[in-house]
There are 2 protein chains.
Amino acid sequence: MAVLETLPVLLPDLQSSSSFLSTSTIIALTVFFALLCACIVIGHLLEEHRWANESITALLLGLCSGVVVLLVSKFQSSQILVFSEDLFFLYLLPPIIFNAGFQVKKKQFFKNFTTIFLFGVFGTMISFCIISLGAYLLFKRIGVTNLGIEDYLAIGAIFSATDSVCTLQVLSQDETPLLYSIVFGEGVVNDATSIVLFNAVQTLDFSNIDALTALKLLWTFLYLFFSSTALGLVAGLISAYIIKTLYFGRHSTDREVALMMLMAYLSYMLAELLNLSGILTIFFCGIVMSHYTWHNVTESSRITTKHAFATISFIAETFIFLYVGMDALDIDKWKESNASAGTSIAVSSTLFALVLIGRAAFVFPISNITNCMKKRNNTKIELRQQFIIWWAGLMRGAVTIALSYNQFSSSKDISKEYALMITCTIIVVLFSTVVFGSVTKHLIEAMLLRHAKPAISDATDIPSLEDLNISFIENGDPSEEGNNPPPRKNSLRLLISNPTHTVHYWWRKFDDKFMRPAFGGRGFVPFVPSSPTGARDEAS
Amino acid sequence: MAVLETLPVLLPDLQSSSSFLSTSTIIALTVFFALLCACIVIGHLLEEHRWANESITALLLGLCSGVVVLLVSKFQSSQILVFSEDLFFLYLLPPIIFNAGFQVKKKQFFKNFTTIFLFGVFGTMISFCIISLGAYLLFKRIGVTNLGIEDYLAIGAIFSATDSVCTLQVLSQDETPLLYSIVFGEGVVNDATSIVLFNAVQTLDFSNIDALTALKLLWTFLYLFFSSTALGLVAGLISAYIIKTLYFGRHSTDREVALMMLMAYLSYMLAELLNLSGILTIFFCGIVMSHYTWHNVTESSRITTKHAFATISFIAETFIFLYVGMDALDIDKWKESNASAGTSIAVSSTLFALVLIGRAAFVFPISNITNCMKKRNNTKIELRQQFIIWWAGLMRGAVTIALSYNQFSSSKDISKEYALMITCTIIVVLFSTVVFGSVTKHLIEAMLLRHAKPAISDATDIPSLEDLNISFIENGDPSEEGNNPPPRKNSLRLLISNPTHTVHYWWRKFDDKFMRPAFGGRGFVPFVPSSPTGARDEAS
């Protein structure tokens, strides 16, 4: 690379071996970290215009730097870092998903659990079927013939993974709590479902397809789903129990935070070791940790974990988009696919059309089904809101890219079709994120502006500093209880008429009686006045 | 490995390809993270007896698991992860050093700057000379003959790097502020100095040694020292300026924290790119960030950065000790060195004796020199304290190991002598940390117990939550000023009689007049009552 050759000239005679690292690694990392900083600063400046967010900024910056590298290297390469699946699945994806579980507004999430579950699991499966089937039927007409049945199923799983960050940045949790919780909840459940589906597809043997293949796929999916969830719950509960029992706060905030991080990561690794879905495990581990463990640690640890996890997730996400932007100009892939621009565009458009249809095919029906089950008008999903939910899931992001690389670039003898699939994935992600993403803000504001009903905020489950102070003053008065008047009617009748709320009620009783006394949680850990200022105990 | 072969048997028919990662990576990471968790828990339980700390726990746990792996693999290998210098210098060392700079008690540090500087820079150089010369003269008698002059110089640098964490965990910042600040300050300056020395040794060409070599070495050292420091200062100031100007708090705590992390890391990478000492750069970047940047961010960001950086550093350090413990049983190295147990022990003892002498050779003289320069009795270093300072620097730790690997295992054709040097490094580190480390607590308590003069605490520069609240109430009344009565005498006379304090006084004037207005800092950023509770602004 030219960059490599010009630099040492600028330096005195120290260029020999004073560095511990290879120069190309250092250059790549320097450029990447500089770009990440630029993303944050530029994203912040663009924020005011709301045409762009960090994802779009990162994608475009990645594209620009790809162009620069391409020019500097005289059209030899546009890559600085080579994409490694290990990097993605070991370091980038786990913090993103863990943070989603950790920050999920549990109350809203479980209140709308039925709706979120229907959208996230059944919706994703419908979308998976439509995209797989559509690709199978249509690709042959475009001229893509060499893909196997498992590739089509993988394409279904890959393009079912949505990226709703862009919409979430526009939606307000206080003004439209229902919509926000559905879009957010569906987003994370969808990620997990599509990854589990992808795992299930990769696990099965498609060399002899019989009538049982679909059933096997379903069984594998269910097995992965429930065992991964169970592992995540157990890991979270163990972390809560350890921290509650050993009472680290006495010694050090750092150890509490370290233990939470390590346990979460350990659950992910254990799941991968047992061939389960690490993503699902770490997601549920995050939920349990925010429900129990988080309440057992010192005040400083709470603030630190809340923001540190969010920051790491934010960096990982920006990193991925930056990479995708850079990778879009990778000449080798374009050459390898050997397809005309027409074929690429045809395949990409087909895929994107399938995404649009596949999403519409479940959002509107499922919304109307859940509306029928609900009695109160203010919890029904209006047509306008259905449209927003549909729109929110059109963008494709990090998970799509990662799964696509995993399916289509892991094999050594990379075929034309495989290279084509990767370039088309990049086109779909770029197009949906940049074009749809930049319209989102204005579209949603136009749709919601005149109809906004200011609802009372449910606040956050993870309180900010002020909330913490208040909760210490009013200790022993868990504010959540006040919002849920305990049902006075016969509980069986209630369970039928209003299942989610009753389940929630019984869960709370169980939680308060058995779980919280054992694992800690809000109101079940004695308040220690000295713990927030425990700096003196921290010798290291 | 046997572990690899037995596991899939336990699983259902999912073991084929549902995982994205290679099984050996996953097993290695799972074991490592489980061990890290175990270190924290066991270290916490042992803490009460104070015979052990995390370093010792990690070393012993590493040894135990090394034995287990050795038995399981039928004496083929004791390693799970292969040590990679990249891992160490890219991911483990920077956070440790950055955190040292970030958490350094700046007031105490700069108050005792002359003493710390003399110990950290001149002391390390004296130690470097004695160990190099001693090894050069003594190794030939033991039978180690194949080392070149640059190897002996490298050995001097490698064994000059101390690890004073163990002592710092015992010393109390409130009871013995002078001692604590000297030991802590010397520790970080020493790390930097020895790494810069090591860099300088590696940079020079020893094929033709002339009278100028020593001068060249000194010049390289000075060049690296000052340019690296300047780069760190600039990077820190840029981060302060960006965050102050753009005022991120309005949008998101996560972005502030992310920007601080990324800028720090970027400064390290830039230094490595320019063939400077990244360690020194990131250390000074940490100091500047805690002096300026840290005061420009929201309250949540302050708590988060303080604890997140400490946690990452803590994990990195535990990781290194765990690794060293495991690596100690690496059979291949022992075989390769091909030395009798006698030779290994002779070389190790020689090295350790040189360490003891090299340290004594500067601690006691420099202490007495600084005592002569001081007028007030309570700032003089008593003989008892000199002994503790000497003792604190006898342990060898992470930096020693890393430098040793860098020097003696990077070359492809590894010689017997090089393998011997690595095993001896591990012996010295193990012995000094475990034996000396576990005695430290009792020794220091015995020396200090009857003589403790309870001094008034200078508190911490990075305040805890309580301090923050107070500082918001008493805003605009920087408490530091009260402790330093402004000099009334002629300032030139004062500069001669009491240089450090006068420098400190003029620096504060300059800081308040030019630096803080531009880059922010305590009392120079308007207090925004809403910022700590800015959770609602954080959409993502």
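Nothing here was measured: the structure is a model prediction, and the numbers come from that model.

1. Here's the deal with the overall build of chain A
Assigned secondary structure in chain A consists of 22 helices and zero strands. Taken across its 540 residues, chain A has 58% of its residues classed as buried. Across chain A, every contact between residues at least 6 apart in sequence was considered, and the portion connecting residues at least 24 apart equals 82%. Working note: accessible area of chain A is about 21900 Å², and carbon and sulfur atoms make up 65% of it.

2. Quick look at the packing of aromatic side chains
Taken as a whole and judged by the stated rule, the model has 50 aromatic pairs over all chains. For the ring pair Phe352(B) and Phe431(B), a centre distance of 5.5 Å and an interplane angle of 85° mean the geometry is edge-to-face. With Phe352(B) in helix H15 (residues 341–373) and Phe431(B) in helix H18 (residues 416–448), this pair connects stretches of sequence that are 79 residues apart. By relative accessible area, Phe431(B) is classed as partly exposed at 40%. Above the plane of the ring of Trp294(A) lies Arg302(A), whose end atom (NZ or CZ) is 5.6 Å from the centre.

3. Overview of the nonpolar core
In this structure, Phe139(A), Ile155(A), Phe139(B) and Ile155(B) are the most contacted members of the largest nonpolar core, which totals 291 residues. The contact partners of Ile155(B), leaving out residues within four places of it in the chain, are Ile131(B), Ala135(B), Phe139(B), Leu147(B), Leu351(B), Phe408(B) and Met421(B).

4. Points about the state of the cysteines
All names here are of chain B. Counted under the stated rule, the structure contains zero disulfides over all chains. Counting only cysteine sulfurs, Cys 39 is the nearest neighbor of Cys 37, a cysteine outside any disulfide, at a range of 9.2 Å. A relative accessible area of 7% means that Cys 37 is categorised as buried.

5. Some thoughts on a nonpolar patch on the surface
A grouping of Leu133(A), Tyr136(A), Leu137(A), Leu138(A), Ile149(A) and Ile209(A) is seen on the molecular surface, where their side chains present a nonpolar patch of about 540 Å² in accessible area. By relative accessible area, Leu138(A) is classed as partly exposed at 35%.

6. Notes on the environment of Ser267(B)
Locating Ser267(B) in the fold gives a position in helix H11 (residues 253–273). A C-alpha to C-alpha distance of 6.6 Å links Ser267(B) and Thr281(B), two positions 14 residues apart in sequence.

7. Examining the confidence of the model for chain A
With 76% of its residues at a pLDDT of 70 or more, chain A has an overall mean of 76. Taken over the whole predicted complex, pTM reads 0.79, whereas the ipTM for its chain interfaces reads 0.77.

8. A few points about unusual backbone geometry
Residue and element names in this part refer to chain A. The phi dihedral of Asn 275 falls on the positive side, at around 60°, and the residue is not glycine. Along the chain, Asn 275 falls in the loop between helix H11 (253–273) and helix H12 (278–296). With relative accessibility at 10%, the residue Asn 275 sits in the buried group.

9. Examining the packing of helix H2 (residues 23–47) of chain B against helix H13 (residues 299–327) of chain B
Angle between the axes and distance between the axes are the two parameters that describe a pair of packed helices. Residues and elements named next belong to chain B. In contact at an axis separation of 10 Å, H2 and H13 are set at 110° when each is read in the N-to-C sense. Comparing their axes, H13 and H2 come out roughly perpendicular. For the pair H2 and H13, the contacting residues are Phe 32, Leu 35, Leu 36, Cys 39 and Ile 40 in the first and Phe 314, Ile 315, Thr 318, Phe 319, Leu 322, Tyr 323 and Met 326 in the second. Grouping the constituent residues of the contact of H2 with H13 by class yields 11 nonpolar, one polar and no charged.

10. A short note on helix H9 (residues 177–203) of chain B
In a regular helix each residue adds 1.5 Å, so 27 residues correspond to 39 Å; H9(B) covers 39 Å between its end C-alpha atoms and thus fits that length. Within H9(B), 27 of the 27 residues are buried, leaving the element largely enclosed by the surrounding structure.

11. Things to note about helix H16 (residues 383–392) of chain A
All names here are of chain A. When you tally the buried positions in H16, you get seven out of 10 residues, the bulk of the element. Residues of H16 that are buried include every one of Gln 385, Gln 386, Ile 388, Ile 389, Trp 390, Trp 391 and Ala 392, and no others. Buried-residue contacts for H16 involve helix H6 (113–142), helix H8 (165–170), helix H9 (177–203), helix H15 (341–373) and helix H18 (416–448).

12. Digging into the pattern of salt bridges
Residue and element names in this part refer to chain A. Going through the model one piece at a time under the given rule, you end up with eight salt bridges over all chains. A salt bridge links Arg 384 to Glu 382; its shortest N-O distance comes to 2.9 Å. The exposure class assigned to Arg 384 is partly exposed, which follows from its relative accessible area of 23%. On the accessibility criterion, Glu 382 (31% relative accessible area) is partly exposed. One salt-bridge network, held together by shared partners, links Asp 511, Asp 512 and Arg 516.

13. Structural notes on the packing of helix H6 (residues 113–142) of chain B against helix H7 (residues 149–158) of chain B
All names here are of chain B. Between H6 and H7, whose axes approach to 8 Å, the crossing angle comes to 135°. Our classification of the angle between H6 and H7 gives oblique. In this structure, H6 crosses over H7, and the sense of that crossing is right-handed. Contacts from Phe 128, Ile 131, Ser 132, Ala 135, Tyr 136 and Phe 139 in H6 reach Tyr 152, Leu 153, Ile 155, Gly 156 and Ala 157 in H7.

14. Regarding the environment of Val170(A)
Residue and element names in this part refer to chain A. On the secondary structure map, Val 170 appears in helix H8. Owing to a relative accessible area of 18%, Val 170 belongs among the buried residues under this scheme. Between the C-alpha atoms of Val 170 and Glu 445, which are 275 residues apart in sequence, the distance is 8.0 Å.

15. What about the side chain of Ser277(B)?
All names here are of chain B. You can see Ser 277 is positioned in the loop between H11 and helix H12 (278–296). Ser 277 gets classed as buried once you look at its relative accessible area, which sits at 0%. Setting aside its immediate chain neighbours within four residues, Ser 277 contacts Ile 195, Val 196, Asn 199, Leu 224, Ser 228 and Ala 271.

16. Regarding the environment of Val297(A)
Residue and element names in this part refer to chain A. Looking at the element boundaries, Val 297 is found in the loop between H12 and helix H13 (299–327). Distance from Val 297 to Ile 243, taken between C-alpha atoms, is 7.2 Å for residues 54 residues apart in sequence. With residues up to four places along the chain from it excluded, the contact list for Val 297 reads Ile 243, Glu 256, Met 260 and Arg 302.

17. Quick look at the side chain of Ser127(B)
All names here are of chain B. Along the polypeptide, Ser 127 turns up in helix H6. For Ser 127, a relative accessible area of 4% corresponds to the buried category. With residues up to four places along the chain from it excluded, the contact list for Ser 127 reads Ser 160, Gly 358 and Phe 362.

Reading the values: rules and limits
- Residues numbered from 1 in each chain as written.
- Chains lettered and ligands numbered in written order.
- Predicted model: local features only at pLDDT ≥ 70, side-chain atom pairs only at ≥ 80, totals over all residues.
- Heavy atoms only, no water.
- Helix = DSSP H or I, 4+ residues; strand = E, 2+ residues; numbered from the N terminus.
- Buried < 20%, exposed > 50% of the residue type's maximum accessible area, 1.4 Å probe, protein only.
- Contact = heavy atoms within 4.5 Å.
- Areas by Shrake-Rupley, 256 points an atom, 1.4 Å probe, with all protein chains shown as cover.
- Phe/Tyr/Trp six-rings, centres within 6.5 Å; stacked < 30°, edge-to-face > 60°.
- Lys NZ or Arg CZ within 6 Å of the ring centre and 35° of its normal.
- Core = buried A, V, L, I, M, F, W, Y, C linked by side-chain atoms within 4.5 Å.
- Disulfide = S-S within 2.5 Å.
- Patch = residues over 30% accessible without salt bridge, like charges linked within 9 Å, V, L, I, M, F, W, Y side chains within 5 Å.
- Salt bridge = Lys/Arg side-chain N within 4 Å of Asp/Glu carboxyl O.
- pLDDT = per-residue confidence, 0-100.
- Axes fitted to C-alpha atoms, helices over the stretch in contact; angles between N-to-C directions.
- Parallel < 35°, antiparallel > 145°, perpendicular 65-115°, else oblique.
- Nonpolar A, V, L, I, M, F, W, Y, C, P; charged D, E, K, R; others polar.
- Expected span 1.5 Å × (residues − 1).
- Left-handed = near helix turned anticlockwise from the far one by under 90°.

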